[in-house]
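# Commentary on secondary and tertiary structure
Residues per chain, in single letters:
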Amino acid sequence: MEASELQKLWKTFEIIAIGFVLFGMLLVLYLIRGLLAPFIIAFVITFCLSPVVDYMEGEGINRTLAVILLILLTVIILLILWRLTWPTIQTEIGNFQKNAPHYARKIQDGLTQGMKLLEKKTGFVPEGVLQSAVQKRIDHLTSGMGDISFLTKTVAHFVVTLVLIPVIVFFFLKDGRRIKKVLITYVPNKYFETFLTLFHEIGQQISGYIRGQLADSFFVGVLAIIGLYWFGINYSILIGAVAGIVNVVPYVGPLLGLTFGGLLVLIDTGSIVDVVQVVGVLAFVKALDDFAITPLILSRSVKVHPLMVMILISFGGTIHGIWGMLLAVPLYCTMKVSFRILYKGFVEYGKW
Amino acid sequence: MRKNIGAEGRTTMNKGDKFTLILNKIRGKEGNIIPVLRTIPLFEGLAFRDLKKIELIAHERTFMPDEVVFQERQPGTGMYFIKKGLIELTKTINDEKVKIAELGEGEFFGEMALIENYPRSAQATAVVKTEVLGIFRPDFFDLIDRNPRLGSKILLKLSERLTNRLRKTTEMKLKEIE
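This structure is a prediction, so every number in the text was calculated from the model and none was measured.

### Side note on the overall build of chain A
- Tallying secondary structure elements over chain A gives ten helices and zero strands in all.
- Overall, chain A shows an N-to-C arrangement of helices and strands of α-α-α-α-α-α-α-α-α-α.
- By the burial criterion, 30% of the 352 residues in chain A qualify as buried.
- Counting contacts in chain A only where the partners sit at least 6 residues apart, residues at least 24 apart contribute 67% of the total.

### Section: the sheet that holds strand S10 (residues 130-136) of chain B
Residue and element names in this part refer to chain B.
- The strand order across the open sheet built from four strands is S3-S10-S5-S8, with neighbouring strands paired in antiparallel fashion. Among the strands making up the open sheet, the edge pair consists of strand S3 (58-63) and strand S8 (108-109).
- The sheet contacts of helix H3 (residues 48-57) involve S3 and S10, and relative to S3 the element is tilted by about 50 degrees.

### A closer look at the environment of Met335 of chain A
- Here Met335 of chain A shows up in helix H10 (residues 306-349).
- A relative accessible area of 58% means that Met335 of chain A is categorised as exposed.

### Considerations on the interface of chain B and chain A
- Facing the 29 residues of chain B at the interface are 24 residues of chain A.
- The three residues of chain B that bury the most area against chain A are Leu56, Arg61 and Arg146 of chain B, which together make up 31% of that side's buried surface.
- If you look at where chain B meets chain A, you find two salt bridges.
- With a shortest N-O distance of 3.0 Å, Glu193 of chain A and Arg120 of chain B are connected by a salt bridge.
- Viewed at the interface, chain A and chain B are joined by eleven residue pairs in polar contact (both at pLDDT 80 or more).
- Looking at the side of chain B that touches chain A, the elements that each hand over two or more residues are H3, S3 and helix H4 (137-146) of chain B.

### Concerning the environment of Ile210 of chain A
- When you line up the elements, Ile210 of chain A lands in helix H6 (residues 189-230).
- Once residues within four sequence positions are removed from consideration, Ile210 of chain A is found in contact with Val44 and Phe47 of chain A.

### Some remarks on the layout of surface pockets
All names here are of chain B.
- Counted as a void, the second largest pocket has a volume near 560 Å³.
- Contributing to the lining of the second largest pocket are 22 residues, with Gly110, Glu111, Met112, Ser121 and Arg165 lying nearest its centre.
- Only strand S7 (96-103), S8 and helix H5 (148-177) provide two or more residues apiece to the lining of the second largest pocket.
- Residue contributions to the lining of the second largest pocket peak at three residues, all from S7.
- Its residues placed into classes, the lining of the second largest pocket shows twelve nonpolar, four polar and six charged.

The rules behind each value
Residues numbered from 1 in each chain as written. Chains lettered and ligands numbered in written order. Predicted model: local features only at pLDDT ≥ 70, side-chain atom pairs only at ≥ 80, totals over all residues. Heavy atoms only, no water. Helix = DSSP H or I, 4+ residues; strand = E, 2+ residues; numbered from the N terminus. Buried < 20%, exposed > 50% of the residue type's maximum accessible area, 1.4 Å probe, protein only. Contact = heavy atoms within 4.5 Å. Pairing = 2+ DSSP bridges. Axes fitted to C-alpha atoms, helices over the stretch in contact; angles between N-to-C directions. Buried area = accessible area lost by both parts, 1.4 Å probe. Salt bridge = Lys/Arg side-chain N within 4 Å of Asp/Glu carboxyl O. Polar contact = N/O pair within 3.5 Å; in protein donor to acceptor, adjacent residues only side chain to side chain. 1 Å grid on protein atoms, 1.4 Å probe; cavity = no way out; pocket = protein on both sides within 12 Å on 5 of 7 lines; lining within 4 Å. Points joined across faces, edges and corners; volume = space filled by probe spheres on them. Nonpolar A, V, L, I, M, F, W, Y, C, P; charged D, E, K, R; others polar.

Here is the structure:
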C-alpha cells in the first residue's frame, strides 16, 4: 500500500474515531440525564457570577476568597429577599392552596362543557368520548399529587439539588479555567488551536445568551410584579414570577406568561376588568422590555433571526419539552460557531 | 533551599527559610510551568501571583520529530515558547521550502499572532522531540480583560520587543540604502 493511501486510510480512521468519541459522550450524557439538572443550573449560575469574580480578581482579591465572598453575598441577598417577600408569598400560596380544588373543578367543568359542545357541533364524535378522555387526563394529572412516596422523592431530590448547586458553583467558579485547560489537553496537536478557538467562541456565545436572557427575565419579572401589585391584582407575585421565568424562552415564553396570568385571574375573580389589567400590564412590560431593556442587555449577545428562533424553539419543544425549548437557541449558536470556524479553516487555509 | 548544618550534625533552618517555606505552602507549588515563564522576557519581573494567572492560560504541548506545530498561511492564534528541543521555521518560496531559522530552548516564536488574527508567515516544524508552552489569543485577551494591570505590563513588554524589531529593520534598510 502506498504512503498516500495509508494517509487517506488514517484520515478516515481519525474521522470515524472522532465520531465514536462524540457519540459516546452524547450517550453518557443521555444515560446520566437525571443527574444533569443541578449541573446545568450550576453552569448557568456560574456564567452569571463569573464576571463579578473576574472583576474582584482583577482588583487584587484572591480568586478562591472572591468566590467564597460572592457565594455568601448571593445567599445573604436571597435570604433577605426571601424574608421581605415571604409574608406575601405565604398568603398567595395559602390562598392558592385553599382555592385550588375550586379552580380545578372550574377548569374541569369548563373543559367538559367545551368537549360536550364540540361533540354536539361536530356530530361524528360519539357522545362522551372526548369528555371521558379529558376526565382521564385530569385524573392522571392529579393522581400523582397526593402520592406520599412521589412527594417524598420530589422533596428529597429538591433538597439534594439545593445543597449540590452551591458546591458545584463554587468549584466551577474557582477551577473553571483549570477544568477547561485539562479538558483541552486531550485534543491532538493538529487540532489544538482550532479547538481552543472553538471552545472560546462557544463559551462567549452561550454565556452571552444565558446572561442576556436571565437579566431580561429578571427585569420582566420584577416590573410585572410591581405593575400587577400596583393594580391590586391577586397572585401578583405568582403571576409576575411565572411571567419572568417563562420569559427565558424567547417569543413563546411571554405568550405562556400572559395566558397563565389571564386564566388564573379569570378563574379566580371571573372579572374581565382584572383580566384586561393583567394582560395590559404584562403586554406593557413586554413592550418596554423589547424597546428599552433587550437592546441594552442583548446587544453583545447572539444574533439569530426571530423566525429561526421560533423554528428552533418549536423543534426543541417537540423533541425534548421544556428543556428542548430552553436549550434550542444556545445549541444552535454552538453549532453555528463550530461550523463557521471549521469552514473558515477549510476555505481560507485549505485544510483543517 | 539553603540549609545550615548544626554542630551536632542536625539540619536546622534559619527564620528566613522558615518564612519562605510557610509562604510557599500558602501560595502553592511552582509546578513546572512557572519556572519556564520566569525565563521568558515577556514576563520578566512579574510577581508569583501574576505568573500563576499566566500559568492557567499556558498550554504544555509535546511535538514529535517532523511534526508540524503550525502551517504557513494557517490562521495564527498564539505564540510558543520552547521548553526543550528544536524548532525549524520554513517558508515556501517558488514552491520550494526555504529554511529561515532554527530556534532552540528558551526561544519563542509566533508572538505576532498573540495580537492580531493574521495568517502564519512561516511553517514551524519540530526537528527533534520538542516540548513547548503555548499561549493563545482568546485566553490572552480574556486575561487582559480580567486583569488590566497585568495585561498592560505584558503588552508594554511586547511593545518593547516589537519596537526593537522595528528599529533593527529600519537600521538594516538604512544600511542597504547607504
